[in-house]
Number of protein chains: 2
Amino acid sequence: MMALDARLRAARATLPALLRLSAAQRDASVRAMAAQLRAQCAAILAANAVDLAAAQAAQRTPALLDRLRLDEARIEALAKALETIATLPDPLRDDAPERLRPNGLRVRQVPAPLGVIAMVYEARPNVTADAAALCFKAGNACVLRGGSEARHSNAAIAAALHAALGETGIDPACVMVLDDPDRQLLGALLQRDDLVDLIIPRGGEALIRHVVATSRIPVIRHYQGVCHLYVDRAAELERALRLLINGKTSRPGVCNALECLLVHADIAPRFLPLAVAALQERGVELRGCERTLALADGITAASESDWGREFLDLILAIRVVDDLDSALEHIRRYGSNHTEVIDSADADACARFVREVDASAVVVNASSRFNDGGELGLGAEIGIATSKLHAYGPMGLDALTCRKWVLLGEGQVRT
Amino acid sequence: MMALDARLRAARATLPALLRLSAAQRDASVRAMAAQLRAQCAAILAANAVDLAAAQAAQRTPALLDRLRLDEARIEALAKALETIATLPDPLRDDAPERLRPNGLRVRQVPAPLGVIAMVYEARPNVTADAAALCFKAGNACVLRGGSEARHSNAAIAAALHAALGETGIDPACVMVLDDPDRQLLGALLQRDDLVDLIIPRGGEALIRHVVATSRIPVIRHYQGVCHLYVDRAAELERALRLLINGKTSRPGVCNALECLLVHADIAPRFLPLAVAALQERGVELRGCERTLALADGITAASESDWGREFLDLILAIRVVDDLDSALEHIRRYGSNHTEVIDSADADACARFVREVDASAVVVNASSRFNDGGELGLGAEIGIATSKLHAYGPMGLDALTCRKWVLLGEGQVRT
């Protein structure tokens, strides 16, 4: 294998040619990627079987094995996702309004690729295809540094992507897979801000914190989703119950699931018995503050560590709060800047919640589960940012571009 | 002085109250800052005299002394700049279009402050007032860590700003001045991504590289302005000459000044003699490639280190290139992603230059000197970013905000 430096340089060297491709050419290549994934399905599954056997022998967790496992249906879903990406609007479309300056200069901001984007992820081979297609469609080269557990799967998927790029006349080096079984390259990669423009880590919080702590390349971060539902004094109880059940139980392992319920003290005596019964019926373990315990049965006492905790499981923390200010204070202290929900019929309370809550999505009278690129109309997402620089919330194709200024003149000079 | 941790926490603690201020309240505080700068002019000049005396005793460079020096006119200019900031549109205005999702959810992206912004800068006391006003108007708290040479000046300016904040009912901790004469706090500051959202370093390249290498907080970077003018085969000679003279000589010490001239070989025999004569007449030292030397007199031979060099002086590198592709290649290799200019009457050449040059501003038939927040209509700028994440080019008030998603529902849940 080429040294890291040579591989990063090779990826970067493809950028000028990528800039010359039309949107139609880029979309044709993405569709060819989908076709090659289907055509090479057997080879990908064979490689995946090798990874699965090694992971089983190493007694990895069932959750990891599930993320690692591919089958025909999952590869078909991956191919379909790429075909969808090919139908999305061109993120490099030059449709910004032009402004005329007093001196006659015409100025506008035009989308441009970010350059070389490195994805650092764990045992999800689907990220390999998804991220490659999204980066490529936005005119970027990508460096894919996946987890060692998926190395054979990633190599097989990359072979399919490279075949597609080759047959559409594009240098396959623009999708550079970095095989790094011993984590020997990661540290060096994170220092190369001369060759890499952005790092997007996807995986557990430990991985992301490691990347943030050691990278000199900008990092788009997503640590946790500790999402709260605040049931206001002016809540509509039936609606709040629906949001609570959907937010907590529809898919408890994802980042936009609810982890904590905050209930206004005035409505708690009416709402909490309903909520507790509905959640217990659905097998949710409840951990409540003292006031919660006084209003319903079968709840264990919450400890300090239950506030701000991402359970990713059928567990919910519950706290009764004095008022909206107390709810805002709790969210400021324990929230994760991901998704926060209010249920209220009081327009002023909703307006304050929207203005004062610092989260990538602030949701009024709807489920937390809607903080998702597809649900918000982005078509596809490469991740959700809970840091605020460059992107905040789901990142679609547009978030993989920047905007450069273009100035059109007729000889103007500055006096 | 409070410990760093306590100071950062105090600054951060002001954020909820800042979020509740109306645009009119924020603007009134910025105008009060201007008034206090005028009212405390004598105290600021006295403090500045202490700094100047120390810098003279330490035999600092004339350039540093000039940046450090304040006088009544400079303080008046600073006050006027703040009054201008107060007149600019509110960066937190909620005017984004709302989109209706198929399930009836109404979604939009609303500007929100970034949070706590730390400025790390050198001996420019004007940055203290300017940055504080810009950050504050966008709803952010700021931490101002200026150079030790300006510490008395910065403290005096901060006292004026704090008086203005206090008299308009705002906690002065939202403008937190960090006195760090021995650079003891900087290292610790750059690790506090739990309390600080963004670092903006302003100053020499060494300072910026140090911050990028050690910060775990996102950094907006601006290393250098190595700006090229490419005179195409289809250039208009008189116009190109005007752009060249304005770009090189109107203010050679700034980042959007020209550092290198690239001339298409077909037009070089006609253009270079004119250009060389005009530049020599204005005292510009010229360093040319071999082909340049063959076409004009009085030019020294350029060495490899002259390409990609930010002279910040009346010195210009000149290279004759075979064609547009060679010019693009030179800019890719030696450019600094700041400002690049083409002079050409050929629409295709201009379109390729605009598309393929990776710079915060790509300028067609106008001077490089227009890459400036004021000239582009931003009203005021806090810096120019040559990194592409979050902002690329001049950063105005809007670049000091992020956009959070707001979802308005009527009980929608995800199925």
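Every value quoted in this text rests on a predicted model; they were computed, and no experiment measured them.

What counts and what doesn't
- Residues numbered from 1 in each chain as written.
- Chains lettered and ligands numbered in written order.
- Predicted model: local features only at pLDDT ≥ 70, side-chain atom pairs only at ≥ 80, totals over all residues.
- Helix = DSSP H or I, 4+ residues; strand = E, 2+ residues; numbered from the N terminus.
- Rg over C-alpha atoms; globule rule 2.2 N^0.38 Å.
- Buried ≥ 20, exposed ≤ 12 C-beta atoms within 10 Å, placed from the backbone.
- Contact = placed C-beta atoms within 7 Å.
- Nonpolar A, V, L, I, M, F, W, Y, C, P; charged D, E, K, R; others polar.
- Pairing = 2+ DSSP bridges.
- pLDDT = per-residue confidence, 0-100.
- Axes fitted to C-alpha atoms, helices over the stretch in contact; angles between N-to-C directions.
- Least-squares fit on C-alpha atoms with pLDDT ≥ 70 in both.
- Domains from an automatic or database assignment.
- Parallel < 35°, antiparallel > 145°, perpendicular 65-115°, else oblique.
- Arc of directions from axis to C-beta.

Peer 1: I'd like a description of the overall build of chain A, backed by residues and values.
Peer 2: Looking only at helices and strands, chain A features 15 helices and 16 strands. Taking 415 residues into account, the globule formula puts the C-alpha radius of gyration at 22 Å, and chain A, at 24 Å, falls close to it. Principal-axis analysis of the C-alpha atoms places the extent of chain A at approximately 70 × 70 × 35 Å. Split into buried and exposed, the 415 residues of chain A put 52% on the buried side.

Peer 1: Let's hear about the interface of chain A and chain B: which residues, and what values?
Peer 2: Contacts between the two partners involve 60 residues from chain A, matched on the other side by 59 residues from chain B. Every element with two or more residues in the side of chain A that touches chain B is listed here: helix H2 (15–19), strand E2 (106–113), helix H10 (205–214), helix H11 (237–249), helix H15 (347–356), strand E13 (361–366) and strand E16 (401–412) of chain A. For the side of chain A that touches chain B, the element with the highest residue contribution is E16 of chain A, accounting for 11 residues. Grouping the constituent residues of the side of chain A that touches chain B by class yields 28 nonpolar, 14 polar and 18 charged.

Peer 1: I'd like a rundown of the pairing of strand E7 (residues 227–231) of chain B, residues and numbers included.
Peer 2: Residue and element names in this part refer to chain B. Across the five residues of E7, five count as buried, placing the element largely inside the fold. Burial along E7 is two-sided: the residues Cys227, Leu229 and Val231 and His228 and Tyr230 are all buried. With five bridges connecting them, E7 and strand E8 (residues 258–264) associate as parallel partners. Pairing of Val231 across the sheet is with Val263, part of E8. Of the strand pairs in this sheet, E7 and strand E12 (residues 339–343) are connected by four bridges, and their pairing is parallel. By the bridge assignment, Leu229 is partnered in E12 with Val341.

Peer 1: Explain the confidence of the model for chain A residue by residue, including any values.
Peer 2: Taken residue by residue, chain A gives an average pLDDT of 95. The fraction at 70 or more is 100%. For this predicted complex, the interface confidence score (ipTM) comes to 0.93, while the overall pTM stands at 0.93.

Peer 1: So what's going on with the sheet that holds strand E8 (residues 258–264) of chain A? Residues and values would help.
Peer 2: Taking strand neighbours across the sheet as the criterion, the 10 strands line up as E10(A)-E9(A)-E11(A)-E8(A)-E7(A)-E12(A)-E13(A)-E16(B)-E2(B)-E1(B) in an open arrangement whose pairing is mixed. Of all strands in the sheet, those with a lone pairing partner are strand E10 (300–301) of chain A together with strand E1 (99–100) of chain B, marking the two edges. Set on the sheet, helix H12 (residues 268–281) of chain A makes contact with strand E7 (227–231), E8, strand E9 (285–288) and strand E11 (315–321) of chain A; between it and E8 of chain A the angle comes to about 155°. Set on the sheet, helix H14 (residues 324–334) of chain A makes contact with E7, E8, E11 and strand E12 (339–343) of chain A; between it and E11 of chain A the angle comes to about 140°.

Peer 1: Explain the relation of the copies chain A and chain B residue by residue, including any values.
Peer 2: Comparison of the two chain copies shows a relationship of rotation about an axis with a shift along it. Taken as rigid bodies, chain A and chain B are interconverted by a rotation of 180° and an axial shift of 0.0 Å, the fit giving an RMSD of 0.0 Å. Here the two chains are linked by the operation of a two-fold rotation axis. Considering only C-alpha atoms, the part of chain A nearest the rotation axis is His390 of chain A, at 1.8 Å. A share of 98% of the interface residues of chain A reappears at the interface of chain B, consistent with the copies meeting face to face through the same patch.

Peer 1: Tell me about the pairing of E2 of chain A, and name the residues and values.
Peer 2: Residue and element names in this part refer to chain A. As paired elements, strand E1 (residues 99–100) and E2 share two bridges and run antiparallel to each other. Counterpart to Arg99 in the pairing with E2 is Val107. Two elements, E2 and E16, share eight bridges in a ladder whose sense is antiparallel. By the bridge assignment, Val107 is partnered in E16 with Leu407.

Peer 1: Tell me about the sheet that holds strand E5 (residues 175–177) of chain B, and name the residues and values.
Peer 2: All names here are of chain B. Spatial strand order, E5-E4-E3-E6: four strands in an open sheet with parallel pairing. The two strands at the open ends of the sheet, each matched to only one other strand, are E5 and strand E6 (198–202). Strand-to-strand twist in this sheet, taken as the mean axis angle between neighbours without regard to direction, amounts to 20°. One ladder, built from three bridges, connects strand E4 (residues 141–145) with E5; its direction is parallel. Each residue of the ladder has a partner; that of Leu144, found in E5, is Val177. Across the face of the sheet, helix H7 (residues 125–137) comes into contact with strand E3 (116–121), E4, E5 and E6 while running at roughly 165° to E4. Packing against the sheet, helix H8 (residues 151–167) makes contact with E4 and E5, and its axis sits at approximately 160° to E5.

Peer 1: Can you explain the domain arrangement of chain A? Please cite residues and give values.
Peer 2: As a measure of interface size, the accessible area lost when the parts come together is often cited. When the domains of chain A are assigned, the result is domain 1 (4–222 + 401–407) and domain 2 (227–370). Computed over C-alpha atoms only, the centres of domain 1 of chain A and domain 2 of chain A are separated by 36 Å.

Peer 1: Give a detailed account of the packing of helix H3 (residues 23–39) of chain A against helix H6 (residues 72–87) of chain A, specifying residues and quantitative values.
Peer 2: Residues and elements named next belong to chain A. Following both chains from N to C, one finds H3 and H6 inclined at 170°, their axes separated by 8 Å at the closest point. Comparing their axes, H6 and H3 come out roughly antiparallel. Facing H3, whose interface residues are Asp27, Val30, Arg31, Met33, Ala34, Leu37 and Arg38, H6 presents Ile75, Leu78, Ala79, Leu82, Glu83, Ile85 and Ala86. Grouping the amino acids of the contact of H3 with H6 by side-chain chemistry returns 10 nonpolar, no polar and four charged.

Peer 1: Describe H14 of chain A, listing the residues and the values that go with them.
Peer 2: Note on helix geometry: an α-helix contains 3.6 residues per turn, so any two residues three or four positions apart are oriented the same way. All names here are of chain A. Every buried residue of H14 is accounted for by Leu324, Ala327, Leu328 and Ile331. Buried residues along H14 cover an arc of 100° about the axis, so they all sit on one side. Away from its buried face by more than 90 degrees, H14 exposes Asp325 and Arg333. Structurally, H14 contributes buried residues whose contacts are with E7, E8, E11, E12 and H15.

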